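Single-letter residue listing:
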Amino acid sequence: MTARFSTVTQLLAAGVMAASLAPMAQAETTVESCNRSVTFDAPPQRAISNDVNLTEMMLALGLADRMVGYTGISGWKTLDPVMRAGVAELPELSAKYPSKEVLIGADADFFFAGWNYGMKVGGEVTPETLAPFDIKVYELTESCIHIGEKAKVSMDDMYNDLLNLGRIFAVEDTAKALVAGYKDELAAFAKDRAEASDPLRVFVYDSGEDTPFTAGKYAMPTALIEAAGGSNIMDDLEKSWATVTWEAVVERNPEVIVIVNYGSVTAEEKRAFMRSNPAFAEIDAVKNDRFVTLEYVEATPGPRNIRAIKTLATSFDAARTDAVSN
Amino acid sequence: MPTAHAHPASEPRLSARARRRLRGRLAWILGGAVLTALTLSIAVSVGAVGIPLTSVWGIVAHKLTHGSALAADGVFDVSWSKGQAAIVWDIRFPRALLAMMVGAGLAMVGASLQAVTRNPLADPHLLGISAGGAFGAILALLHTGLFLGLLTVPLLAFVGALAATALVLAVSRFAEATTADRLVLVGVAVSFVVMAGANVLIFLGDPRATHTVVFWMLGGLGLAQWSHLAYPLVVLVLCGGWLWSRSGDLNAMTVGDETATTLGIPVARFRLMTFCVGALITGVMVAFSGMIGFVGLIVPHVARLIVGGDHRRVLPVSALFGGLFLVAADIAARTLMAPEDMPIGLVTGLVGGVFFIWLLRRR
């Protein structure tokens, strides 16, 4: 009974929305997605997003009612209460990377994903394989490096995704306001901070013990670290995420280590590993116990990048104060 | 007496041969030591980060004499940073020693398995030992977390390797396969099953963490730490020593089960013993180095090409060549793509395979 009632309201709501959007829908919208131009005759009505960070971008733009579900979260991560509330009405169509069938079966008309965020190069689900089924794909800007050339990562990558989604879904004003709000928030936060001198040397430790997996030039943490007044010691690595040698880490002697938290090995265990190995004893960050933890959602492109920058900035400032008082 | 006749003639001839053998052995030991020292020096000198040679040797000398009168007298002009000292002493040195031991261990296991199975393609991976190790490591990395602390991954890798060996033994009993070739078949079958299981674990795991798995599938020596080196050393000395002490039996096994039985060797039991000892060595090596292919398979053949088929010589020479080869391969793995580490399995396969083809053509 309730189910039928809610279906009816959804239909009604969709109808009202379609009517109100009708004049705008006349105009075609074309956005750049990685190396493609994607044209939308009308805003998608049955969208699916993959992974926590991408889904959160959709939620931030208030697009939950244009979605039929989300994919790729509970298989290896958990939704926090805020996000759980945001997508409460929506089903998780696939706990991990979706198959083509899952997307087609949900009668989707739009898939927001990225390379290594729900799609794999040469995989089953790509813009090309979905095209025959009229499912349009918008790709996460940060992930474009996996299929072609791209400028170094910056906060603009994230803003760009929000603005493009705004155009695709005809909520451009909301998107612009959101991005302007984020920029203001960061500017206000920066004004309260002491004048920073040289950027701090920062190492991003994702995982791995034999060799560390870290963020290179094209991965979001590099942008976050720079926005917070540091520099990623591996920003000369022409990669998104990659493994490097411990030698290089010791040589570049980071002052702060950022641990990315997700998966079965906890941030505390990663920190314990760094502290236990005598080879790392002389690294400034280890000596002074300067570790910061960023959650997966914070370290990948999405609205929580703003909070991540503040977290990083706070710990950078503490590290600087320490250095001065020592 | 005929013996009296023979005596004056044979005495000097024998002692001349004995002297020659002694000289040959001395040459091998001396040459091996020099080569080892040379390879180790190169290994600690080069890497992703360039450190001047004088600093490298200063650091090593300083560490070796640490706390002694020499160091206290300030004989060494400390011209290096603490980071450089950590790189040379805590990263490169234990890593080179681990490479040495892993290479030596895997080559000895390969040599003895090839003897008892009379199969030139037998190697430490054949019996599912390495696959079991990878399975255990992947389970810890992608699914269980480090519930036993920092040694969780090597520990699970070791347990996995032993479990896979137990599985091979159980299946061979179940299938009543105690002959050499049937045991090999059981090993191959178990290896495939365990590998399939490991791939299921990878498939179910977080794709963003699966890069750590490459290490266990293709091998690497990045886990080397001074505090861990005792495990491979002890197992190499004890198990490797046992294998060497049974060189005569291994020689007999290469001729055939019947001949070996005639010589009083309990063939089936000896074969199983060799498997278990090999599994112990491989299990410990895999726990710290991942699956490093090729060394255990090819190095014994190189050794045999050079010193003949006697395991009294094949085993130590295999150990020497295996160790040297792996240190050299690790140098390549660390420097070719710096600051990224190449999985060493790629280097051993590529470089070693080509080298072996060249060697085959030359002989």
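Residues numbered from 1 in each chain as written. Chains lettered and ligands numbered in written order. Predicted model: local features only at pLDDT ≥ 70, side-chain atom pairs only at ≥ 80, totals over all residues. Heavy atoms only, no water.

A. Molecular detail of the overall build of chain A. Scanning chain A for helices and strands turns up 13 helices and 14 strands. For chain A, the C-alpha radius of gyration of 21 Å lies close to 20 Å, the compact-globule estimate for 326 residues. Considering only C-alpha atoms, chain A reaches an extent of 65 × 40 × 40 Å along its principal axes. Relative to its full complement of 326 residues, chain A shows a buried share of 52%. Taking all contacts inside chain A whose residues are at least 6 apart in sequence as the whole, residues at least 24 apart take part in 64%. Side-chain charges in chain A split into 30 positive and 47 negative, and the spacing between the mean points of these groups amounts to 2 Å. (Helix = DSSP H or I, 4+ residues; strand = E, 2+ residues; numbered from the N terminus. Rg over C-alpha atoms; globule rule 2.2 N^0.38 Å. Buried < 20%, exposed > 50% of the residue type's maximum accessible area, 1.4 Å probe, protein only. Contact = heavy atoms within 4.5 Å. Lys, Arg positive; Asp, Glu negative; His and termini not counted. Charge placed at Lys NZ, Arg CZ, Asp CG, Glu CD.)

B. Focus on the interface of chain B and chain A. With 37 residues of chain B in contact, the opposing surface of chain A contributes 37 residues. Interface area, chain B with chain A, both sides summed: about 3100 Å², of which 59% is carbon and sulfur. For the interface between chain B and chain A, the tally reads two salt bridges. R92 of chain B serves as the salt-bridge partner of E247 of chain A, at 2.6 Å between the closest nitrogen and oxygen. Where chain B packs against chain A, one counts three residue pairs in polar contact (both at pLDDT 80 or more). (Buried area = accessible area lost by both parts, 1.4 Å probe. Salt bridge = Lys/Arg side-chain N within 4 Å of Asp/Glu carboxyl O. Polar contact = N/O pair within 3.5 Å; in protein donor to acceptor, adjacent residues only side chain to side chain.)

C. Representation of the state of the cysteines. If you walk through the whole model with that rule in mind, you get one disulfide over all chains. With a sulfur-sulfur separation of 2.0 Å, C34 of chain A is cross-linked through a disulfide to C144 of chain A. Handedness here is read from the sign of the S-S torsion; for C34 of chain A and C144 of chain A, about -95 degrees, the answer is left-handed. Of this pair, C34 of chain A sits in the loop between strand 1 (29-33) and strand 2 (36-40) while C144 of chain A is found in the loop between strand 8 (136-139) and helix 6 (155-168), placing the two residues 110 residues apart along the sequence. Taking the relative accessible area as the measure of exposure, C34 of chain A reaches 23% and is therefore partly exposed. Under the relative-accessibility criterion, C144 of chain A is labelled buried at 8%. Lacking any disulfide linkage, C239 of chain B is separated from the closest cysteine sulfur, that of C276 of chain B, by 10 Å. (Disulfide = S-S within 2.5 Å.)

D. Structural view of unusual backbone geometry. Phi is positive for D134 of chain A, which is not a glycine, with a value near 60 degrees. By the element assignment, D134 of chain A lies in the loop between helix 5 (127-130) and strand 8. D134 of chain A gets classed as exposed once you look at its relative accessible area, which sits at 62%. Positive phi outside glycine occurs at F294 of chain B, with the angle close to 80 degrees. Residue placement: F294 of chain B occurs in the loop between helix 12 (267-289) and helix 13 (295-307). By relative accessible area, F294 of chain B is classed as buried at 17%.

E. Main features of a positive patch on the surface. Residues and elements named next belong to chain B. Together, R17, R19, R20, R21, R23, R25 and R313 give the surface a local cluster of positive charge. It is helix 1 (residues 2-45) that contributes the most residues to the positive patch, six residues altogether. Classification of R17 as partly exposed rests on a relative accessible area of 43%. (Patch = residues over 30% accessible without salt bridge, like charges linked within 9 Å, V, L, I, M, F, W, Y side chains within 5 Å. Areas by Shrake-Rupley, 256 points an atom, 1.4 Å probe, with all protein chains shown as cover.)

F. Expanded view of a nonpolar patch on the surface. A surface patch of nonpolar side chains, amounting to about 380 Å² of accessible area, comprises L233, V234, V237 and L238 of chain B. With respect to the helices, strands and loops of the structure, L233 of chain B is situated in helix 9 (residues 230-245).

G. Structural detail: helix 10 (residues 267-276) of chain A. All names here are of chain A. When helix 10 is considered as a whole, its buried residues turn out to be A267, K270, F273 and M274. Down the axis of helix 10, the smallest arc covering the buried residues is 120 degrees, so these residues share one side. Among the structural elements, strand 9 (200-205), helix 9 (246-252), strand 13 (256-261), helix 11 (284-287) and strand 14 (291-295) are those in contact with the buried residues of helix 10. (Arc of directions from axis to C-beta.)

H. Molecular detail of the sheet that holds strand 13 of chain A. Residue and element names in this part refer to chain A. Pairing is parallel in the open sheet, where four strands are placed in the order 11-9-13-14. With partners counted over all chains shown, the strands left at the sheet margins are strand 11 (230-232) and strand 14, one partner each. Ignoring which end each strand starts from, the neighbouring axes of this sheet average 35 degrees apart. The strands touched by helix 8 (residues 220-227) within the sheet are strand 9, strand 11 and strand 14, with strand 11 carrying the most contacts at an inclination of about 160 degrees. Its contacts with the sheet place helix 10 against strand 9, strand 13 and strand 14, and it is angled at close to 145 degrees to strand 13. (Pairing = 2+ DSSP bridges. Axes fitted to C-alpha atoms, helices over the stretch in contact; angles between N-to-C directions.)

I. Broad picture of the side chain of Q84 of chain B. In this structure, Q84 of chain B sits in helix 4 (residues 82-117). When sequence neighbours within four positions are dropped, the list of residues in contact with Q84 of chain B reads E251 of chain A together with I51, P52 and I59 of chain B.

J. Seen up close, the packing of aromatic side chains. Residues and elements named next belong to chain A. One pass over the structure, following the stated rule, counts 19 aromatic pairs over all chains. Ring geometry for F203 and Y205: centres 6.3 Å apart, planes at 20 degrees, overall stacked. In this structure, F203 and Y205 share a single accessibility class: buried. Each residue in the set F203, Y205, W246, F273 and F280 is aromatic and connected to the rest through ring pairs, giving one cluster. (Phe/Tyr/Trp six-rings, centres within 6.5 Å; stacked < 30°, edge-to-face > 60°.)

K. View of helix 5 (residues 129-144) of chain B. All names here are of chain B. The end-to-end C-alpha separation of helix 5 is 21 Å, in line with the 22 Å expected for 16 residues at 1.5 Å each. When you tally the buried positions in helix 5, you get twelve out of 16 residues, the bulk of the element. Those residues of helix 5 that fall on the buried side of the exposure criterion are I129, S130, A131, G132, G133, A134, G136, A137, I138, A140, L141 and L142. Elements in contact with the buried residues of helix 5: helix 6 (152-174), helix 7 (180-204), helix 8 (211-218) and helix 12. (Expected span 1.5 Å × (residues − 1).)

L. Representation of the packing of helix 4 of chain B against helix 13 of chain B. All names here are of chain B. For the pair helix 4 and helix 13, the least separation of the axes is 7 Å and the interaxial angle reads 75 degrees. Judged by the angle between their axes, helix 4 and helix 13 are roughly perpendicular. Residues G103, L106, A107, G110, A111 and Q114 of helix 4 form the contact with helix 13, whose participating residues are V295, G296, L297, V299, P300, H301 and R304. By residue class, the composition of the contact of helix 4 with helix 13 is seven nonpolar, five polar and one charged. (Parallel < 35°, antiparallel > 145°, perpendicular 65-115°, else oblique. Nonpolar A, V, L, I, M, F, W, Y, C, P; charged D, E, K, R; others polar.)

M. Quick peek at the nonpolar core. Ranked by internal contacts, the top residues of the largest apolar core, which has 165 residues, are F110, F112, M158, L165, F169 and L312 of chain A. Looking at this core element by element, the count peaks at 15 residues for helix 4 of chain B. Leaving out residues up to four positions away in the same chain, L312 of chain A has contacts with L224, I225, A228, V258, V292 and L294 of chain A. Of all hydrophobic cores here, the second largest spans 36 residues; its members include F203, A248 and I283 of chain A together with I59 of chain B. (Core = buried A, V, L, I, M, F, W, Y, C linked by side-chain atoms within 4.5 Å.)

N. Here's a closer look at the pattern of salt bridges. Residue and element names in this part refer to chain A. The final tally for this structure, using the stated rule, is 29 salt bridges over all chains. Among the ionic pairs, R36 bridges to E139, the shortest N-O distance being 2.8 Å. In this pair, R36 is assigned in strand 2 and E139 in strand 8, connecting sequence segments 103 residues apart. The burial state of R36 is the same as that of E139; both residues are buried. When salt bridges with common partners are traced through the structure, they connect R201, E255, E282, D284 and K287 into a single cluster.

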